[in-house]
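# Understanding the architecture of this molecule
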Protein chains: 2
Amino acid sequence: MVESREVKTARRLARKEKLVAVAAGREPADLVFKNATYVNVFCSTLDRGDVAVSDRLIAGMGGPYHGRVEIDMTGKLLLPGFFDAHIHLESSMVRPAEFARAVLPHGTTTVVTDPHEIANVLGVHGIEYMLQATEGLPMDVRFMLPSCVPATPWDESGAVLDADALRPLYGRKHVEGLAEMMDFVSVANGDPAVLRKIVDAQNEHRRIDGHAPGLSGYDLSAYIAAGVYSDHECSDLEGALARLSRGQYIMIREGTAARNLDALADLLKGPTHTYCMFCTDDKHPSDLLELGHIDYILKRAIALGVDPIIAVKCASHHAARYFKLNNRGAVAPGFLADLLVVDDFDHFTIEQVYRKGVLVCDHGEVLPFDEPQPAEYLARHAHDTVHVRRLSAADFACAGPLGVVEMVPGEIVSADGGKADHIDLGTDTLKIAVIERHGGSGNIGLGYLRGYGLKSGAVAATVAHDSHNLIVVGADEQSMADAANRCAEMGGGLLVMEGGRSRAEVALPIAGLMSELPLRALNEQLESAKEVAFGLGVNRGIDPFMTLSFMALPVIPTLRVTTRGVFDVSRQAYV
Amino acid sequence: MVESREVKTARRLARKEKLVAVAAGREPADLVFKNATYVNVFCSTLDRGDVAVSDRLIAGMGGPYHGRVEIDMTGKLLLPGFFDAHIHLESSMVRPAEFARAVLPHGTTTVVTDPHEIANVLGVHGIEYMLQATEGLPMDVRFMLPSCVPATPWDESGAVLDADALRPLYGRKHVEGLAEMMDFVSVANGDPAVLRKIVDAQNEHRRIDGHAPGLSGYDLSAYIAAGVYSDHECSDLEGALARLSRGQYIMIREGTAARNLDALADLLKGPTHTYCMFCTDDKHPSDLLELGHIDYILKRAIALGVDPIIAVKCASHHAARYFKLNNRGAVAPGFLADLLVVDDFDHFTIEQVYRKGVLVCDHGEVLPFDEPQPAEYLARHAHDTVHVRRLSAADFACAGPLGVVEMVPGEIVSADGGKADHIDLGTDTLKIAVIERHGGSGNIGLGYLRGYGLKSGAVAATVAHDSHNLIVVGADEQSMADAANRCAEMGGGLLVMEGGRSRAEVALPIAGLMSELPLRALNEQLESAKEVAFGLGVNRGIDPFMTLSFMALPVIPTLRVTTRGVFDVSRQAYV
């Protein structure tokens, strides 16, 4: 229900009158943190005093203040809630509500997500699904619009989001800008279709995030001049300084697939820190459970010698300023009461998390909340994304030689393994297929994979970057057909098939990307499925699903498999 | 003429394609600063290289770049154009175009003005007049909407600007927010009519500037919690830190009437500098001609031991970030090519000024430009603002005793001089009158003034803060009547009347506030009028016009004269 502007203004005015009365000490606060030691991001000091909250906002500090609820903060720290400047929520493989339950104990109260994965499956419906699935969560989820769907012209995705498709979405509440512009080549080359997306975002005075690993010199200047305001792909100090000195804000990424803090910590030890913030990009289930989120980055930064106050500013205030969300990221009057109670900088135990003045997490326990439910038509659409006809072994047969993708342990790059014309377990030559699943072409691209290690059966997945078609690798064609058919039957997910039996399954019925389970249960499923895959011979230096999911991404050298066959990224041509 | 959105976007896209091609080195730049040493505000370094400009934007740095025009910068500094974060343009007493001619040689390329003075005379028409009189100038003039017209309920101004009057103006191009909220008492008391103005500005995601000298503790928290984001009235470090630590940005003011840099320079020597910027508030003609503008503040800051790079950031980048004018205030790709060529930090001679890539000032000479002309109906309105009937000596007569306003040399505060019932030159007791001139009540408030020194004749002015009624001080009632009548005949201005003859005049036909003359000619008139006033006995410790103009402002202690008589500010009551 949408309030009229007048009603909304009257409500705001009434709230403001109360806020001012609380700040002035004329009325009791709703909540007071008594005798708190709080990080003052403006003076870069640790200050001491009462912090009063009225409704959802901080009213005043210092005081003394009194309130209906008073919390003794003696000896404890009060910090602004943490902010993840760039993440793809889908990478957690759970529903957004479950993601919130996972990161709130770690102090995250705002995330900016790029729904790039689901948009590749469902287009604007995927973006809308995520908007509705995050509305009203006890954390603030803001959106950047996916700039590159499909990621490359070689991809067969579930949707094509051109400038005309994206433009109306800037009117949607919680949309903050244009997400990572991965197609830096087209930007630097001045491709008008890509520049149009940037101009549209600028017309709306929105932020445009970058993604340009390895870009330098003239092309980097061209990319930045075009209007790309940040980068989260910096993996060395030189590259980061090249960007920062040209005015880009640096999102220091410490996620599951890529970890850049060690290389970039020096940015936080000089005046450049003002233009830095933290992000995770991708956080997989086990990583969320075992390491944490932005708090983990902050603790690592402190361990690397960064001033704790600067680390807190990068974890909150600087990201808020970058996104022009100027009412958060500080303990100060008029700021959102997104606040963390922490024991001290040494142990850094987050005891309580407040979102808009409401306790949402107490000693690691997230308080119950009503989970947002996307509209029924969207939910139905999101649960019906694997459109693959019933396949047989013959669909995976091929008489002639095909390219061999050679995996590199510990890396997502691959090597060119030449050609092969049959499966050969002796040389670890498996068959690999990418099956278009969005209901378009029905194409099946075939090739061979070396270095995966599977000795029997097949592994299938609908998480396969960036188009998320159905990828299958197998020791025989019948197992591949069985795996693909079962995966389609599940409505998407990950599975291991052997001897005509499904040996392990992780159902991901939401767009073939996300589970309906709680994070911990999903993680147990996932970990046991990995063990089953390892048991069938998959090389332990490889993540049986995550590494596989990158074998379909035709932007990383050397060979990849697409729905049209093996593609040579270096030569930009099919093998 | 307003372009359709599509035409505008197409134009932007074409410009962007060129910008990217120039940045990438594929096309020649329009302008290249060869081998420049430029301030990098992001890294806080002095960097070296070519700086390429395409149309109005900086395309790239480093290079090498080539262009149609190349300027050898060997040994010279390139800085972002300077930014005055808060000024009342009317205080220069010249047309905005003349103001631009005065400050461009000093490197100012953006000013944020609060048209508070003219709005007190002409209301929204005054704001519109200034918007039209600044549109297309070779500097960028942005507006904050006057928040307090009239300044107090004791004033009789030419207009009342309540929230309903201000609201539609947020849709006007170049309006950035709500100007200095001087009525801090009402804000801290939660007056809904005043809070409504703040809520309206927040609804539009605009900035709200502050003005709260002396406020502290709970009331300061209440004022800031209400949504006031900056203050330019700090005159000591303690007060500035109280504001900054609560999240306000500090505009360090160094103007004609108030100079706060010495007291606040320490803010620029620690991490607090990030939240500081420079402003002038009021710049009178002689001050503009003799001292300069933002460059003067920057030079003084350096002399006080502030790092020159931080001083440059406060003079440009920090103000731009505060106002969310994120495309200026840095030498970096995609930023506006508002650039200054300076010899070095020691001499700090501004050799050239570029605005949007165009040379607008060369070695102190402002290049000719077409002066913007406000619409005829506005110009007519602005030239017809002194609505006073013909007065005689009898209008200034009063039998009973009246309050005596006692001037304090070198200050704008006044003392309570008791009462008097006649002019007495022996005790320097003059008569003073404030005549309502906006065509409303026709009220004439009478009183006595001590400490001014005039020995014969009268001095009259239509610059009389903040309502700008006609103020007259005289040694006899006939001279007062003559002065008032002549001032009305002139359509406003300043004058000295003696022996029935006007001895010196400064015509200010635009709203009774601004001259039609060039700055230098206006200043000569003004200085010679002051000399005439001094010749008639005015105390040399007093500015005959400026100090007088504050005697009508019923917010500064102790006694003031309004259109309704002598007012005691301390007691908030008429004497």
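Residues numbered from 1 in each chain as written. Chains lettered and ligands numbered in written order. Predicted model: local features only at pLDDT ≥ 70, side-chain atom pairs only at ≥ 80, totals over all residues. Heavy atoms only, no water.

A separate point is helix α2 (residues 96-103) of chain A. All names here are of chain A. α2 sits mainly inside the fold: 7 of its 8 residues count as buried. Turning to α2, its buried residues are Pro-96, Ala-97, Glu-98, Phe-99, Ala-100, Ala-102 and Val-103. On the buried face of α2, the contacting elements are β6 (82-87), β7 (108-113), α4 (124-134), α11 (285-290) and α17 (519-535). (Buried < 20%, exposed > 50% of the residue type's maximum accessible area, 1.4 Å probe, protein only. Helix = DSSP H or I, 4+ residues; strand = E, 2+ residues; numbered from the N terminus. Contact = heavy atoms within 4.5 Å.)

This paragraph deals with the environment of Arg540(A). All names here are of chain A. For Arg-540, the position within the fold is in the loop between α17 and α18 (546-549). Under the relative-accessibility criterion, Arg-540 is labelled exposed at 58%. Taking C-alpha positions, Arg-540 is 8.9 Å from Pro-409, a pair spaced 131 residues apart along the chain. The contact partners of Arg-540, leaving out residues within four places of it in the chain, are Glu-531 and Phe-534.

All names here are of chain A. One open sheet accounts for 3 strands, arranged β26-β27-β28; its pairing is antiparallel. At either end of the open sheet lies a strand with only one pairing partner, and these are β26 (559-562) and β28 (573-574). Note: strand β27 (residues 565-568) against β28, 2 bridges, orientation antiparallel. Opposite Phe-567, over in β28, you have Tyr-574 as the bridge partner. (Pairing = 2+ DSSP bridges.)

Let us look at the confidence of the model for chain A. Caution is warranted with low-pLDDT regions, since their predicted coordinates should not be read in detail. On average, residues of chain A score 96 in pLDDT, and 100% of them reach the 70 mark or higher. Across the interfaces of the predicted complex, the ipTM metric reaches 0.95, alongside a pTM of 0.96. (pLDDT = per-residue confidence, 0-100.)

Let us look at the relation of the copies chain B and chain A. Placing chain B over chain A gives an RMSD of 0.0 Å and needs a rotation angle of 180°, together with 0.0 Å of translation along the axis. In symmetry terms, the pair is related by a two-fold rotation axis. When the interface residues of chain B are mapped onto chain A, 100% of them again fall at the interface, so both copies present the same face. (Least-squares fit on C-alpha atoms with pLDDT ≥ 70 in both.)

So, about the sheet that holds strand β10 (residues 207-210) of chain B. Residue and element names in this part refer to chain B. Overall, parallel pairing links the 5 strands, which are arranged β6-β7-β8-β9-β10 in an open sheet. Unpaired on one side and paired on the other, β6 (82-87) and β10 mark the two borders of the sheet. Across the sheet, the mean angle from the axis of one strand to that of its neighbour is 25°, orientation sign disregarded. Summarising the sheet, strand β8 (residues 140-145) and strand β9 (residues 175-181) pair through 3 bridges and their orientation is parallel. Of the residues in β9, the one forming a bridge with Phe-143 is Val-175. Helix α7 (residues 192-203) contacts β9 and β10 of the sheet and is inclined by roughly 155° relative to β9. Sheet strands in contact with helix α12 (residues 294-303) are β6 and β7 (108-113), and its direction is about 105° off that of β6. (Axes fitted to C-alpha atoms, helices over the stretch in contact; angles between N-to-C directions.)

Among the nonpolar cores identified, the biggest contains 359 residues, and Phe33(A), Tyr452(A), Phe33(B) and Tyr452(B) are the most heavily contacted of them. Sequence-distant contacts of Phe33(A), that is, excluding residues within four places in its chain, are made with Gly49(A), Asp50(A), Val51(A), Val53(A), Ile71(A), Met73(A), Leu78(A), Leu339(A), Val341(A) and Tyr354(A). (Core = buried A, V, L, I, M, F, W, Y, C linked by side-chain atoms within 4.5 Å.)

Opposite the 65 residues of chain B that make contact, chain A presents 65 residues. Carbon and sulfur atoms make up 54% of the surface buried where chain B meets chain A, a total of about 5200 Å² over both sides. When the buried area of chain B at its contact with chain A is split by residue, Phe42(B), Tyr218(B) and Arg321(B) rank highest and sum to 14% of it. Applying the counting criterion to the chain B and chain A interface returns 4 salt bridges. Across the salt bridge formed by Arg5(A) and Glu204(B), the nearest N and O atoms sit 2.9 Å from each other. Counting across the interface, chain B meets chain A through 23 residue pairs in polar contact (both at pLDDT 80 or more). Every element with two or more residues in the side of chain B that touches chain A is listed here: α1 (5-23), β3 (57-62), α6 (184-189), α7, α8 (217-225), α9 (237-244) and α14 (317-322) of chain B. (Buried area = accessible area lost by both parts, 1.4 Å probe. Salt bridge = Lys/Arg side-chain N within 4 Å of Asp/Glu carboxyl O. Polar contact = N/O pair within 3.5 Å; in protein donor to acceptor, adjacent residues only side chain to side chain.)

Residue and element names in this part refer to chain B. Among the residues of α12, those classed as buried are Ile-294, Asp-295, Tyr-296, Ile-297, Leu-298 and Ala-301. Those residues of α12 that are buried are in contact with β6, β7, α10 (261-264), β13 (276-279), α13 (308-314) and β15 (350-355). Gly-305 lies just past α12 and shows a positive phi near 95°.

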